[in-house]
Amino acid sequence: MRILLWHVHGSWTTAFLQGHHEYLLPVLPDRGPDGRGRARTWDWPSRAEEVDPARLRDTEIDLVLLQRPHELDLVAQWTGRRPGEDLPAVYLEHNTPGGPTPFSRHPVADRGDLALVHVTHFNRLMWDNGRAPTTVIEHGVVDPGHHYTGELGRAATAINEPVRRGRAVGTDLLPGLTTAAPVDVFGMGVAGLADALGLPPDRLGEYDDLPQEAMHAELARRRVFVHPHRWTSLGLSLIEAMQLGMPVACLATTEAPRAVPPEVGVASPDPAELQAFVRRMLADPDEATMIGRAARQHALARYGLKRFLGDWDRVLAAAT
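Structural notes, computed from the coordinates. What you see is a predicted model, and the numbers here were worked out from it, not measured in a lab.

### A short note on the packing of helix α8 (residues 236-244) against helix α11 (residues 285-302)
Reasoning step 1: Closest axis-to-axis distance for the α8/α11 pair is 6 Å, and the angle between their directions is 120°. Between α8 and α11, the angle is such that the two are oblique. Seen along the crossing, α8 lies across α11 with a hand that is left-handed. Between α8, through I239, M242 and Q243, and α11, the contact on the second element is made entirely by G292, A295, R296, H298, A299 and L300.

And the structure:
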């Protein structure tokens, strides 16, 4: 199957591209949000090809995977075909609602001609999906391997744009976490975070936009992973940290409590409990290693690639 999709979410796309299809990724000269093409910090297979939007009218496409509302218009403009009418389409929703949550109507809620796929059950519950046929395909993650050493008595977290996104991703909770352990923050747009929070660099380290493999290697050297997000879809970095063999602490919000059972760490709405768990891991490296092994086994079983790709193949086949 030849699938047109945009490079919107790098970690999710990395998993999706492990399937057996051909993947067309629009690329524009500025490599902006609507034409990023292939990723530069993830390892993607050769069957993921960059395509000039000007060529799409003459390109065979079996299905378009939509991820943002305006892509409906881009497809019509670039291909001359209307998603769901002239071209089979699936809409993938990565995010929790951004508006008044119980009343947030999904952009394709009035469409009965394309499937709406959510990445978590929480997201499907909180969006008003209208008459759009909906399903949930939980995340799948390419196994990074068991690399945990925990040699550094520091906590790690992964947050993209923590200064801009603020409370939604728990940026305001980081100073409290640094009272339990020094915290290293990985992700895009983290430069300047320590200054913004008034923290010294030895208490809050900044690691901006590392290639995925390098980020995994650095995460695995930290003793414990923390996921402080208040309002976001289930972070793939949380699953990746567990697969690396890290014990994890997360806020018990959105989908996170289902992803983190008690044997692999702690999920609590009380930041003090996260801080206490971090202190415990720093004080007992052997316990941290044992919990991290359990986290890895759980993440491999729950978020394995085989199940993820099988679920997607069934949805793609039904759509076409």
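### Some points on the sheet that holds strand β3 (residues 48-51)
Hydrogen bonds between backbone groups are what pair the strands of a sheet, and the pairing can be parallel or antiparallel.
Reasoning step 1: Ordered in space as β3-β2-β1-β4-β5-β6-β7, the 7 strands form an open sheet in which the pairing is parallel. Across the chains shown, the open sheet's two edge strands, defined by having one partner strand only, are β3 and β7 (134-136). Each strand of the sheet is rotated relative to its neighbour by a mean of 25°, with strand direction disregarded.
Reasoning step 2: Helix-sheet contacts for helix α2 (residues 71-79) involve β1 (2-5), β2 (22-26) and β4 (63-66), and the interaxial angle to β4 is about 150°.

### Remarks on the sheet that holds strand β13 (residues 265-268)
Reasoning step 1: The strand order across the open sheet built from 6 strands is β10-β9-β8-β11-β12-β13, with neighbouring strands paired in parallel fashion. Whereas interior strands pair on both sides, the edge strands pair on one side only; in this sheet they are β10 (204-208) and β13. This sheet shows a mean twist of 20° between the axes of neighbouring strands, independent of strand direction.
Reasoning step 2: Bridge analysis of strand β9 (residues 183-187) against β10 gives 5 bridges, and the strand direction is parallel. Paired with D184 across the two strands is G205, which belongs to β10.

### Regarding the nonpolar core
Reasoning step 1: Counting residues in hydrophobic clusters, the biggest one holds 74 residues, and the most contacted among them are W12, F16, L65, F225 and W312.
Reasoning step 2: Looking at this core element by element, the count peaks at 6 residues for α8.
Reasoning step 3: Setting aside residues up to four positions removed in sequence, W12 forms contacts with L65, L92, H94, V119, H139, L236, F308 and W312.
Reasoning step 4: In this structure, W6, L56, I61 and Y91 belong to the second largest nonpolar core, which totals 19 residues.

### Concerning the side chain of R222
Reasoning step 1: Note on placement: R222 falls in strand β11 (residues 222-227).
Reasoning step 2: A residue is classified by how much of its surface remains accessible, and R222, at 2% relative accessible area, is buried.
Reasoning step 3: A distance of 2.6 Å separates a polar atom in the side chain of R222 from a polar atom in the side chain of E218.
Reasoning step 4: In this view, R222 contacts Y148, G150, L152, R154, A155, A156, D184, F186, Y207 and M246; residues no more than four positions away in its chain are not counted.

### Examining the environment of A181
Reasoning step 1: Residue position: A181 is located in the loop between α5 (174-177) and β9.
Reasoning step 2: Dropping the residues within four chain positions of it, A181 is found in contact with A155, R203, V278 and L282.

### What to know about the environment of R258
Reasoning step 1: Within the secondary structure, R258 is located in helix α9 (residues 256-259).
Reasoning step 2: Exposure remark for R258: the relative accessible area of 43% places this residue in the partly exposed category.
Reasoning step 3: For the pair R258 and F122, spaced 136 residues apart in the sequence, the C-alpha separation amounts to 9.7 Å.
Reasoning step 4: With residues up to four places along the chain from it excluded, the contact list for R258 reads H121, E138 and R302.

### Quick notes on the packing of aromatic side chains
Reasoning step 1: Applying the stated rule across the entire model yields 8 aromatic pairs.
Reasoning step 2: A centroid spacing of 4.9 Å and a plane angle of 15° characterise the contact between W12 and F16, whose relative ring orientation is stacked. Placement of both W12 and F16 in helix α1 (residues 10-16) is noted, with a separation of 4 residues, approximately one turn of the helix. This pair shows no difference in class: W12 is buried, exactly as F16 is.
Reasoning step 3: Geometrically, the ring pair formed by F16 and W312 is edge-to-face, given 5.4 Å between the ring centres and 80° between the ring planes. One end of the pair, F16, is in helix α1; the other, W312, is in helix α12 (residues 305-319), and 296 residues separate them in sequence.

### What about helix α7 (residues 212-219)?
Reasoning step 1: What α7 keeps buried is the set Q212, M215, H216 and L219. Projected down its long axis, α7 shows its buried positions confined to an angular sector of 100°, all on one face.
Reasoning step 2: On the buried face of α7, the contacting elements are α1, β8 (152-158), β9, β11 and α8.

### Focus on α12
Reasoning step 1: Taking 1.5 Å of rise per residue, 15 residues should cover 21 Å, and α12 covers 21 Å from first to last C-alpha, within 8% of that figure.
Reasoning step 2: Restricting attention to buried positions, one finds in α12 the residues F308, L309, D311, W312, V315 and L316. The arc that holds the buried residues of α12, viewed along the axis, is 160°, so those residues lie on one side. Those residues of α12 that are exposed and angled more than 90 degrees off the buried face are K306, R314 and A318.
Reasoning step 3: Among the structural elements, β1, α1, β4, β5 (89-93), β6 (115-118) and β7 are those in contact with the buried residues of α12.

### A few points about the pairing of β1
Reasoning step 1: Neither face of β1 is left uncovered, since the one carrying R2 and L4 and the one carrying I3 and L5 both have all their residues buried.
Reasoning step 2: Looking at chain direction, β1 and β2 are connected through 3 bridges and run parallel. Bridge pairing in β2 links L4 to L24.
Reasoning step 3: Crossover connection from β1 via α1 to parallel β2: handedness right-handed.

What counts and what doesn't
- Residues numbered from 1 in each chain as written.
- Predicted model: local features only at pLDDT ≥ 70, side-chain atom pairs only at ≥ 80, totals over all residues.
- Heavy atoms only, no water.
- Axes fitted to C-alpha atoms, helices over the stretch in contact; angles between N-to-C directions.
- Helix = DSSP H or I, 4+ residues; strand = E, 2+ residues; numbered from the N terminus.
- Parallel < 35°, antiparallel > 145°, perpendicular 65-115°, else oblique.
- Left-handed = near helix turned anticlockwise from the far one by under 90°.
- Contact = heavy atoms within 4.5 Å.
- Pairing = 2+ DSSP bridges.
- Core = buried A, V, L, I, M, F, W, Y, C linked by side-chain atoms within 4.5 Å.
- Buried < 20%, exposed > 50% of the residue type's maximum accessible area, 1.4 Å probe, protein only.
- Polar contact = N/O pair within 3.5 Å; in protein donor to acceptor, adjacent residues only side chain to side chain.
- Phe/Tyr/Trp six-rings, centres within 6.5 Å; stacked < 30°, edge-to-face > 60°.
- Arc of directions from axis to C-beta.
- Expected span 1.5 Å × (residues − 1).
- Right-handed = clockwise from strand over helix to strand, strands pointing away.

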